[in-house]
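Each chain, written out:
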Amino acid sequence: MTKTGIGASVKRKEDQRFITGSGQYTDDVSRPGHVHAYFLRSPHAHAVIRRLDIAAAKAAPGVLGVFTGDDLAADKIGGLICGWMIHSKDGSAMKAGAHPALAQGKVRYVGDHVAVVIAETLAEARDGAEKIIVDYEVLPAVIDTAGAQAAKTQLHDVAPRNTVFEWAIGDKAATEAAFGAAHHVTKIDLVNNRLVPNAMEPRAAIGEYDPGQGAYTLWTTSQNPHVARLVLSAFIGIAPENKLRVIAPDVGGGFGSKIFIYAEETVAVWASKKVGRPVKWVSDRTEAFLSDAHGRDHVTHAELAMDAKGKILALRVKTIANLGAYLSTFSSSVPTYLYATLLSGQYDIPAIYAEVDAVYTNTAPVDAYRGAGRPEATFVVERIIETAARQMGLDPADLRKRNFVRKFPHQTPVIMMYDAGDYRASLDKAMEIADVKGFGKRKREAARRGRLRGLGYSTYIEACGIAPSQAVGSLGAGVGLWESAEVRVNPTGSVEVLTGSHAHGQGHETTFAQLVSERLGVPMESINIVHGDTDKVQFGMGTYGSRSGAVGMSAIVKALDKVEAKAKKVAAHLLEAAEADIDFKDGKFTVKGTDKSVAFADVALNAYVAHKFPTSEIEPGLKEGAFYDPTNFTFPAGCHICEVEIDPETGVTEIANYTAVDDFGVLINPMIVEGQVHGGIAQGIGQALTEGAVYDASGQLLTASYMDYCMPRADNLPSFKLGFTETRCPSNPLGIKGCGEAGAIAAPAAVMNAMTDALGTEAVAMPATPQAVWKVAQSQQKLAAAE
Amino acid sequence: MYAFTYLRPGSVRGASKALATKENAKLLAGGQTLLPTMKQRLASPDHIVDLSQIDDLKNIEQKGRRIVIGAMATHASVASSALVRDNIPALAALAGGIGDPAVRHRGTIGGSVANNDPAADYPAAVLALGATIHTNKRKLAADEFFAGLFTTALEEDEVITKIAFPMPSRAAYQKFRNPASRYALVGVFVAKRGRDIRVTVTGAGSNGVFRWSEAEAALSKRFSVKSLEGLSISASGLNGDIHASPEYRAHLIAVMTARAVAAA
């Protein structure tokens, strides 16, 4: 390992500009004469628009244009799409209700887009919006996830019973048979609470039309600008791809919420031609709460069949997934192929059958959010196995060990083929770091202080590195999930890497450069990572699902292989040796068995000067591109152990200890990996203890600001104890598995297993707020008194 | 935010005159409630009368057995004042626990008390310590000042100038924070001054800050946690929201009162 190569905790190159306020975010982009868009949003969860009168708004001071769904339709601008087709058990296609960027006759959630006002200033746009007259005929709202299918009101004509699809995976007959032979069956009912993503930078867009070129440019807060361009071109119909440039500059956090193509950027770029001025829109925080795609929102019943020795025989699961009012870009994949395919956990389970009904409700659309399906799966598997252990009087760690997958590759009953792992190793290491042996003593000591102490495990597995294109295509994906890279070596030996991945906090400018530095022997400061601009970078798929290391860097490796191969040819001519005799190491080409050498930078210069090799055989220049399509998912896994301490008098929970041992394969930059784990755990603890989107029965979002939506704060979190184990991922050249989501995937189950242990009942729901915990503690005390 | 006319008088008299004569005028102290409300277009005053340039409203001084705090003293200045810390440490601690550092460096005691937000901290201290509210017109006892949610005895053109706090022999404030906003879900201020014992509750009452007379009576017999044993408060008349039902608030009032007595 070199000082800056793979495995070194190099400080993040990008942080200098971020922490000195020199980042360039979408809202920092100013275009000559740009004007401002303000969206009039529905105050009702469900209503027919009887009349929409924009005349007074159009005449308001400073207003350049007021547009409605009719204007989009007149310009043949299509609705927003969902790019993953799911088929129901009966073979029918999912029921996708129309999703216009601006409402056409009906609104379906509070925050739905009714009209846009574009004015010289934002204040004038808002003033104009207040002059729009809307006659709403308010309809009953469908809010409850579990009750949506039985509701009398229907959101979309195409979707009876508000049902998007009724999907299933696994072998039903084999599962039923296994349950028939079970010694013990554990049953559990779980709610996976709805979350609001809350990236630090709210969404924003600025659209500009160049009449000279007949082309649009859109700056937007996107995790995948090429996919945004593709969707805006091919499906929504803004402009052909060659007439639409999408730039995602510095992006301040995404967590999935910036994968999707939203109404606001669609309208901003379209309207820039209508008003003849660049159009800017920046979400305020309330708009973000109302209209960013939310995450999770599952209601699940699960049953686990065990034999007398504590061996798992089968798992069956029924989940209702709330997808909100419309299908967001990848929403249909989240509660299906990203969820139920992970229901085998780290365990050798012979039979699994899972059914998922997806439903519409009058709430914000729900889509991928950090972990996307895998946190939901982990929560089901890890809560039910912990519960089973308690019911059977077995140690929860022992029960897990008895059921771990030990031989690889391992084919689960739910599609996934686990390629490598050592689940026992991460469990053992976590138990040692967490001092599980000393827990009993700590629990007694806490009891003396009137505190309830509990310990919970989460031995999670997830699937990253999404994904082999043919495989996901066969499952309904509308796109391939490879990644691209181009390595441009400049004549002076500095390097630009153009990647289809996109960084919005992950530190790619550092980690990707570490790879190049190690491979080419070029110093970090001579390497630039270029991303986020469709005019600069070749088509790429973007960043989500912890794929940028495993897929994005693998594409860079492929391109680097080609650069090295070509540079060797040039070096052979310079060194007057056979190509087969050239070695490349530490930035130097040498001739085997001699002291003859030439530096990488000299080879680069000669490649461009092209004086010393026949250009009929070797093309001048040193620039290579590659597309990498993975052959499998990657399977990060590990063990998290949480210890909580509850004050039963107030219901306040303290995370007393949190240990995470993860196997992410090879680590490129351990410091950045630790940062990812910290952030993920914080979000997972947030889901378990503090966060939850709450709609009232009429569909008003009660948690539409930080006054009521409780993000985890520093004082909710302990110092985490981290450890790592390593099994190389066999399917990609670097042996990387991915680390971006693991914390958020593992933590909720670990925390809630600790909470239920402390409180002595499984009936504790997320978020376990002080009030909720106090209520449980009260009923437990009453129960104890009655006994 | 809608457009408004900004006024910055140099004296309390000027401020009062502006309030009386300008249409739909509002005083701006620290602006920690008013400005966010205006930004959300939930308030639209035509005139803003900024008190920040009136210097003598920021003083903190001792007058006999009283600490007198100017209405424009920020929470941070009260929290860090040696006079307050030495003589009424519970009040300094309360001020130091309001909001976050940005709020504490802008928000003022006068603004908080005049706004009388049901979840604000200061009203509990003002009422428990038996403070006197001085205005440009008169002096008001705390008991006659607070008049319900966001309502006080202040007249249209009346400006709080300072608040005088008698020094207690024992006092403490215990706040149970709303997990999201960190405002008081329940805040209890307990103060003992001679034979006068007061227990005030903020954050919980549907009518704003109030005195818990049963707890005061119990503590009058003996100022001890033991005196509170078995004492509970009815949930009726208490606030309920997604963070805390009236029952949970009632329970927390008893817990926080006991903790305040223990800390006093």
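Each chain has its residues counted from 1, following the order in which its sequence is written. Ligands are numbered from 1 and chains lettered from A, in the order in which they are written. Totals for whole chains, interfaces and linings use all residues, but because this is a predicted model, local features are given only for residues with pLDDT of at least 70 and pairs of side-chain atoms are given and counted only at 80 or more. Hydrogens and water molecules were not included; the side-chain quantities draw on all heavy atoms of the structure.

## Remarks on the overall build of chain B
Along the backbone of chain B there are eleven helices and twelve strands. Relative to the 2.2 N^0.38 estimate, which gives 18 Å for 264 residues, the radius of gyration of chain B is 18 Å and therefore close to what a compact globule would have. Principal axes of the C-alpha set define a box for chain B whose edges measure 55 × 45 × 30 Å. Within chain B, the fraction of its 264 residues that count as buried is 53%. We call two residues in contact whenever any of their non-hydrogen atoms come within 4.5 Å of each other. A separation threshold of at least 6 residues defines the contact pool for chain B, and within that pool the share at least 24 residues apart is 59%. Surface exposure of chain B reaches about 11400 Å², of which carbon and sulfur atoms provide 48%. His is not counted, nor are the chain ends, whereas Lys and Arg count as positive and Asp and Glu as negative. Charge positions are represented by NZ for Lys, CZ for Arg, CG for Asp and CD for Glu. Taken together, the 32 basic and 22 acidic charged side chains of chain B have centroids lying 6 Å from each other. Going along the chain from the N terminus, every DSSP run of H or I of four or more residues is numbered as a helix, and every run of E of two or more is numbered as a strand. What the globule rule says is 2.2 Å times the number of residues to the power 0.38, and the radius of gyration is computed from C-alpha atoms. Exposure categories follow from relative accessible area, calculated using a 1.4 Å probe and restricted to protein chains: below 20% of the type maximum is buried, above 50% is exposed, and the middle band is partly exposed. Residue exposure ignores everything except the shown protein chains as possible cover, and the areas themselves are Shrake-Rupley values with a 1.4 Å probe.

## Looking at the sheet that holds strand E10 (residues 215-220) of chain A
Paired through backbone hydrogen bonds, the strands of a sheet run either parallel or antiparallel to each other. Residues and elements named next belong to chain A. Pairing within the open sheet is mixed, and its seven strands lie in the order E3-E5-E1-E12-E9-E10-E11. In this open sheet, the two edge strands, each paired with only one partner strand, are strand E3 (63-68) and strand E11 (244-247). Strand after strand, the sheet turns through a mean of 20 degrees between neighbouring axes, direction not considered. The pairing criterion is simple: DSSP has to find at least two bridges between the two strands. Judged from the four bridges that link them, strand E9 (residues 204-210) and strand E12 (residues 279-282) form a sheet pairing that is antiparallel. If you follow Gly 207 over to E12, its bridge partner there is Val 279. In the packing of helix H6 (residues 225-235) onto the sheet, the strands contacted are E10 and E11, and the crossing angle to E11 comes to about 145 degrees. For every element, the axis is a line fit to its C-alpha atoms; helices are fit only across the contacting stretch, and the angle between N-to-C directions ranges from 0 to 180 degrees.

## Describing the interface of chain A and chain B
On the side of chain B, 23 residues touch chain A, which itself brings 23 residues to the contact. When two parts are put together, the accessible area they lose, computed with a 1.4 Å probe and summed over both, is reported as buried area. Buried surface at the junction of chain A and chain B, both sides included, amounts to about 1800 Å², of which 51% is carbon and sulfur. Taken as a group, A:Met707, A:Gln771 and A:Trp774 account for 29% of the area that chain A buries against chain B, more than any other trio of residues on that side. The salt bridge involving B:Arg41 is made with A:Asp127; its shortest N-O contact spans 2.8 Å. Side-chain atoms alone can form a polar contact between residues adjacent in sequence; in general such a contact is a pair of N or O atoms within 3.5 Å, and within protein one must be able to donate a hydrogen while the other accepts it. Counting the contacts that link chain A with chain B gives 16 residue pairs in polar contact (both at pLDDT 80 or more). Elements that contribute at least two residues to the side of chain A that touches chain B include exactly helix H4 (122-130) and helix H19 (770-786) of chain A. Ten residues, namely Ala, Val, Leu, Ile, Met, Phe, Trp, Tyr, Cys and Pro, are considered nonpolar, four, namely Asp, Glu, Lys and Arg, are considered charged, and the remaining ones, Gly among them, are considered polar. When its residues are assigned to classes, the side of chain A that touches chain B shows ten nonpolar, five polar and eight charged. The rule for a salt bridge is simple: a side-chain nitrogen of Lys or Arg has to be within 4 Å of a carboxyl oxygen of Asp or Glu.

## Digging into helix H11 (residues 246-263) of chain B
Expected span of a helix: the number of residues minus one, times 1.5 Å. In a regular helix each residue adds 1.5 Å, so 18 residues correspond to 26 Å; H11(B) covers 25 Å between its end C-alpha atoms and thus fits that length. Within the sequence span of H11(B), burial applies to B:Tyr248, B:Arg249, B:Ala250, B:Leu252, B:Ile253, B:Val255, B:Met256, B:Thr257, B:Ala260 and B:Val261. Where H11(B) is buried, its residues meet H19 of chain A together with strand E9 (170-177), strand E10 (184-193), strand E11 (196-202), strand E12 (210-211) and helix H10 (213-221) of chain B.

## What about unusual backbone geometry?
Residue and element names in this part refer to chain A. In this model, Ile 466 is joined to Ala 467 through a cis peptide bond whose omega is -5 degrees. Within the secondary structure, Ala 467 sits in the loop between strand E18 (452-461) and helix H13 (469-474). The amide bond that connects Met 766 to the next residue, Pro 767, takes the cis arrangement and shows omega of -10 degrees. Positioned with a positive phi, Asp 435 is a non-glycine residue whose angle comes to about 50 degrees. Position of Asp 435 relative to the elements: it lies in the loop between helix H11 (423-433) and helix H12 (439-448). Here Asp 435 falls in the partly exposed class, since its relative accessible area comes to 38%. Notably, Ala 610 is not glycine yet its phi reads approximately 60 degrees, a positive angle. Along the chain, Ala 610 turns up in the loop between helix H16 (600-609) and strand E25 (623-628).

## Points about the sheet that holds strand E4 (residues 106-107) of chain A
Residues and elements named next belong to chain A. Taken together, three strands build an open sheet; the order of strands is E4-E2-E6 and the sheet is antiparallel. Unpaired on one side and paired on the other, E4 and strand E6 (133-138) mark the two borders of the sheet. Judged from the two bridges that link them, strand E2 (residues 47-53) and E4 form a sheet pairing that is antiparallel. If you follow Ala 47 over to E4, its bridge partner there is Val 107.

## Description of the packing of H19(A) against H11(B)
Running from N to C, H19(A) and H11(B) point in directions that differ by 80 degrees, and their axes come no closer than 11 Å. Accordingly, the angle class assigned to the pair H19(A) and H11(B) is roughly perpendicular. Contacts from A:Pro770, A:Gln771, A:Trp774 and A:Gln778 of H19(A) reach H11(B) at B:Glu247, B:Tyr248 and B:His251. The scheme is simple: roughly parallel for angles under 35 degrees, roughly antiparallel for over 145, roughly perpendicular for 65 to 115, oblique for anything else.

## Brief notes about the domain arrangement of chain A
It is common to give the size of an interface as the accessible area that goes away when the parts come together. Residues and elements named next belong to chain A. Once the domains are mapped, chain A shows domain 1 (31-139 + 200-253 + 258-291), domain 2 (298-466 + 632-786) and domain 3 (482-628). Between domain 1 and domain 2, the C-alpha centre-to-centre distance is 36 Å. Residue-level contacts link 27 residues of domain 1 with 30 residues of domain 2. A buried area of about 2500 Å², summed over both sides, lies between domain 1 and domain 2, and 64% of it is on carbon and sulfur atoms. Contact with domain 2 buries surface across domain 1, with Trp 84, Phe 260 and Phe 289 losing the most and accounting together for 26% of the total. A salt bridge links Lys 89 to Glu 355; the shortest N-O distance between them is 2.7 Å. As annotated, the domain borders come from an automatic or database domain assignment.

## Regarding a nonpolar patch on the surface
Patch membership requires more than 30% relative accessible area and the absence of a salt bridge. Residues of like charge join within 9 Å; the nonpolar side chains Val, Leu, Ile, Met, Phe, Trp and Tyr join within 5 Å. On the surface, a cluster of nonpolar side chains totalling about 190 Å² of accessible area is made up of A:Val694, A:Leu702 and B:Ile242. Secondary-structure assignment places A:Val694 in the loop between helix H17 (670-690) and strand E28 (721-724).

## Remarks on the pairing of strand E8 (residues 184-192) of chain A
Residues and elements named next belong to chain A. Of the two faces of E8, the one lined by His 184, Thr 186, Ile 188, Leu 190 and Asn 192 is fully buried and the one lined by Val 185, Lys 187, Asp 189 and Val 191 carries no buried residue. Where E8 and strand E13 (residues 298-306) come together, nine bridges link them in antiparallel fashion. Bridge pairing links Lys 187 to Glu 303 in E13.

## Details of the pattern of salt bridges
A side chain of one charge can pair with a side chain of the opposite charge when the charged atoms of the two come close. Residue and element names in this part refer to chain A. In the structure shown here, the tally under the stated rule is 67 salt bridges over all chains. For Arg 245, the salt bridge identified is with Asp 533, shortest N-O distance 2.6 Å. A residue pair is termed long-range when its members are at least 10 positions apart, and Arg 245 in strand E11 and Asp 533 in the loop between strand E21 (527-530) and helix H15 (548-575) qualify at 288 residues. Taking the relative accessible area as the measure of exposure, Arg 245 reaches 26% and is therefore partly exposed. Look at Asp 533 and you get buried, because its relative accessible area is 5%. Salt-bridge contacts for Glu 762 lead to Arg 383; the nearest nitrogen and oxygen are separated by 3.0 Å. Pair noted here: Glu 762 is in the loop between helix H18 (742-759) and H19 and Arg 383 is in helix H9 (residues 374-392), with a separation of 379 residues, a long-range link. Exposure remark for Glu 762: the relative accessible area of 28% places this residue in the partly exposed category.

## Some thoughts on the domain arrangement of chain B
What the domain assignment reports for chain B is domain 1 (5-50), domain 2 (57-166) and domain 3 (170-263). Each of domain 1 of chain B and domain 3 of chain B has a C-alpha centre, and these two points are 34 Å apart.

## As for the packing of aromatic side chains
Residue and element names in this part refer to chain A. Pairing of aromatic rings covers Phe, Tyr and Trp, the last through its six-membered ring, and needs centres within 6.5 Å; plane angles under 30 degrees mean stacked, over 60 mean edge-to-face, and all others mean tilted. In the structure shown here, the tally under the stated rule is 25 aromatic pairs over all chains. Where Phe 408 meets Tyr 423, the ring centres are 5.6 Å apart and the plane angle is 80 degrees; that geometry is what we call edge-to-face. With a gap of 15 residues between them, Phe 408 in the loop between helix H10 (396-403) and strand E16 (410-411) and Tyr 423 in helix H11 connect regions that are remote in the sequence. A relative accessible area of 25% means that Phe 408 is categorised as partly exposed. A ring pair is formed by Phe 664 and Phe 724, whose centres lie 6.1 Å apart and whose planes are at 55 degrees; its orientation type is tilted. Of this pair, Phe 664 sits in the loop between strand E27 (652-663) and H17 while Phe 724 sits in strand E28; the two residues are 60 residues apart in sequence, bridging distant segments of the chain. An aromatic cluster is built from Tyr 347, Phe 404, Phe 408 and Tyr 423, whose rings are joined through pairwise contacts. Just above the ring of Tyr 262 sits the side chain of Arg 203; from NZ or CZ to the centre is 3.6 Å. Geometrically, a lysine NZ or arginine CZ counts as sitting over a ring once it is within 6 Å of the ring centre and also within 35 degrees of the ring normal. Its guanidinium or amino end placed over the ring of Phe 179, Arg 316 lies 3.8 Å from that ring's centre, counting from NZ or CZ.

## Comments concerning the nonpolar core
Residue and element names in this part refer to chain A. What is meant by a nonpolar core is a set of buried Ala, Val, Leu, Ile, Met, Phe, Trp, Tyr and Cys residues, joined one to another through side-chain atoms within 4.5 Å. Leu 343 and Tyr 658 are the most contacted members of the largest nonpolar core, which has 173 residues in total. Broken down by element, this core gets its largest block of residues, twelve residues, from H18. Judged by nonpolar contacts, the second largest core, of 50 residues, contains Ile 527, Ala 559, Val 591 and Ala 607.

## Describing the side chain of B:Thr200
Residue and element names in this part refer to chain B. Along the chain, Thr 200 falls in strand E11. According to the relative accessible area criterion, Thr 200 is buried, its value standing at 0%. In this structure the side chain of Thr 200 is engaged in a polar contact, spanning 2.7 Å, whose partner is the backbone oxygen of Ala 124. Non-local contacts of Thr 200, meaning those with residues more than four positions away in its chain, are made with Ala 124, Leu 127, Ala 128, Gly 187, Val 188, Phe 189, Val 209, Phe 210 and Arg 211.

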